[in-house]
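# Survey of secondary and tertiary structure
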Amino acid sequence: LVLALSDGFESGAADTVARAWEVQSRLRDPYGRAYYAGIICERRARVQLSRGAPGAGFNAYDWLREAMGWFEKAESIRPPGNDDAILRWNTCARILMSNPELRPRSEETFEHPLE
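In short, a report on the structure. Note that residues are indexed from 1 along each chain, following the sequence as it is written. The predicted nature of this model means local features are confined to residues of pLDDT at least 70 and side-chain atom pairs, given and counted, to a pLDDT of 80 or more, with totals for whole chains, interfaces and linings taken over all residues. For the side-chain quantities, the full set of heavy atoms in the structure was used; hydrogens and water were omitted.

### A short note on the overall build of the protein
The criterion, for reference: Secondary structure elements are taken from DSSP: a helix is a run of H or I of four residues or more, a strand is a run of E of two residues or more, and numbering for both begins at the N terminus. In this scheme, a residue with accessible area under 20% of its type's maximum is buried, one over 50% is exposed, and one in between is partly exposed, where area comes from a 1.4 Å probe on protein chains only. For this analysis, residues touch if any pair of their heavy atoms sits within 4.5 Å. Each accessible area is a Shrake-Rupley estimate made with a 1.4 Å probe; only the visible protein chains count as cover when residues are assessed.
In terms of regular secondary structure, the protein is built from five helices and zero strands. Starting at the N terminus, the α and β elements of the protein follow one another as α-α-α-α-α. Here the protein, with 115 residues, has 35% of them falling under the buried criterion. Of the contacts made within the protein by residues no fewer than 6 positions apart, 61% connect residues no fewer than 24 positions apart. As displayed, the protein has an accessible area near 7,300 Å², and 53% of this comes from carbon and sulfur atoms.

### Some remarks on the packing of aromatic side chains
One pair of aromatic rings is described through two measures. These are the centre distance and the angle between the planes. Test applied: By convention, a stacked pair of Phe, Tyr or Trp rings (six-membered ring in the case of Trp) has centres within 6.5 Å and planes under 30 degrees apart, an edge-to-face pair has planes over 60 apart, and any other such pair is tilted.
Summed over all chains, the structure comprises three aromatic pairs. Seen in terms of ring centroids, Y35 and Y36 are 5.1 Å apart; in terms of plane orientation they differ by 85°. Their pairing is edge-to-face. Note on Y35 and F71: the rings are 5.8 Å apart at their centroids and 55° apart in plane angle, and the pair reads as tilted. On the criterion of sequence distance, the pair formed by Y35 in helix α3 (residues 30-51) and F71 in helix α4 (residues 56-76) is long-range, its members being 36 residues apart. Since its relative accessible area comes to 11%, Y35 is described here as buried. What links up through ring pairs into an aromatic cluster is the set Y31, Y35, Y36 and F71.

### Some thoughts on the nonpolar core
Defined as follows: Nonpolar cores are built from buried Ala, Val, Leu, Ile, Met, Phe, Trp, Tyr and Cys residues. Side-chain atoms within 4.5 Å join them into one set.
Y35, L64, F71 and L102 are the most contacted members of the largest nonpolar core, which has 20 residues in total. Among the secondary structure elements, those contributing two or more residues to this core are α3, α4 and α5 (84-98). Looking at this core element by element, the count peaks at eight residues for α4. Those residues within four positions of L102 in sequence are excluded, and the remaining contacts are L49, G57, A60, Y61, L64, I95 and L96. Residues V2, L5, V17 and I40 belong to the second largest nonpolar core, which totals eight residues.

### Some remarks on the environment of F9
Here F9 lies in the loop between α1 (2-7) and α2 (14-25). Owing to a relative accessible area of 3%, F9 belongs among the buried residues under this scheme. For the pair formed by F9 and R43, sequence separation is 34 residues and the distance between their alpha carbons is 7.4 Å.

### Here's the deal with α5
Filter applied, for reference: Expected helix span is computed as 1.5 Å times (number of residues minus one).
Along its 15 residues, α5 runs 21 Å from first to last C-alpha, staying within 8% of the 21 Å computed at 1.5 Å per residue. The elements touched by buried residues of α5 are α3 and α4.

### Let's talk about the environment of A67
Tracing the backbone through its elements, the reader meets A67 in helix α4. Residue A67 is classed as buried on the basis of its relative accessible area, which comes to 0%. Spatially, the C-alpha atom of A67 lies 7.6 Å from that of W89, the residues being 22 residues apart in sequence. Discounting residues that sit within four places of it in the chain, A67 has contacts with G38, C41, E42 and C92.

### Quick look at the packing of α3 against α5
Keep this limit in mind: Where helices are involved, their axes are fitted lines through C-alpha atoms of the stretch in contact, as for all axes, and angles between N-to-C directions lie from 0 to 180°. Any angle from 65 to 115 degrees is called roughly perpendicular, while one under 35 is roughly parallel, one over 145 is roughly antiparallel, and all others are oblique. With the far helix as reference, a near helix turned anticlockwise by less than a right angle produces a left-handed crossing, and one turned clockwise produces a right-handed crossing. We call Asp, Glu, Lys and Arg charged. Ala, Val, Leu, Ile, Met, Phe, Trp, Tyr, Cys and Pro are nonpolar, and the rest, Gly among them, are polar.
With their axes 11 Å apart at the nearest point, α3 and α5 run at an angle of 20° to one another. The orientation of α3 relative to α5 falls into the category roughly parallel. Handedness of the α3/α5 crossing: left-handed. Two secondary-structure elements touch here, α3 through Y31, Y35, I39, E42, R46 and L49 and α5 through D84, A85, R88, T91, C92 and I95. Across the contact of α3 with α5, the residue classes break down as seven nonpolar, one polar and four charged.

This is the structure:
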């Protein structure tokens, strides 16, 4: 169900994203919860990439890094012989490496002019 819901992220319906997170949170298997959290984040990144709106590169980067964190967690508790989380992590890494516009926001500091 999470996969089906995340296929609908492109439509932009916020309730679809919320529903996917709600379904993911009900999964009893810790591996499944981590893996599908990664899927949700990865697919949100892909939507950001496809839209190309201002700030999309930063947002996509953030979602991909979050997805990679979830896939790392899933990989550490994966069932024997299940390499899905590793493959998804690699996919996220390839997206980041092949799209130089995807980068973290710069740490801008604000200095008050009167100080």
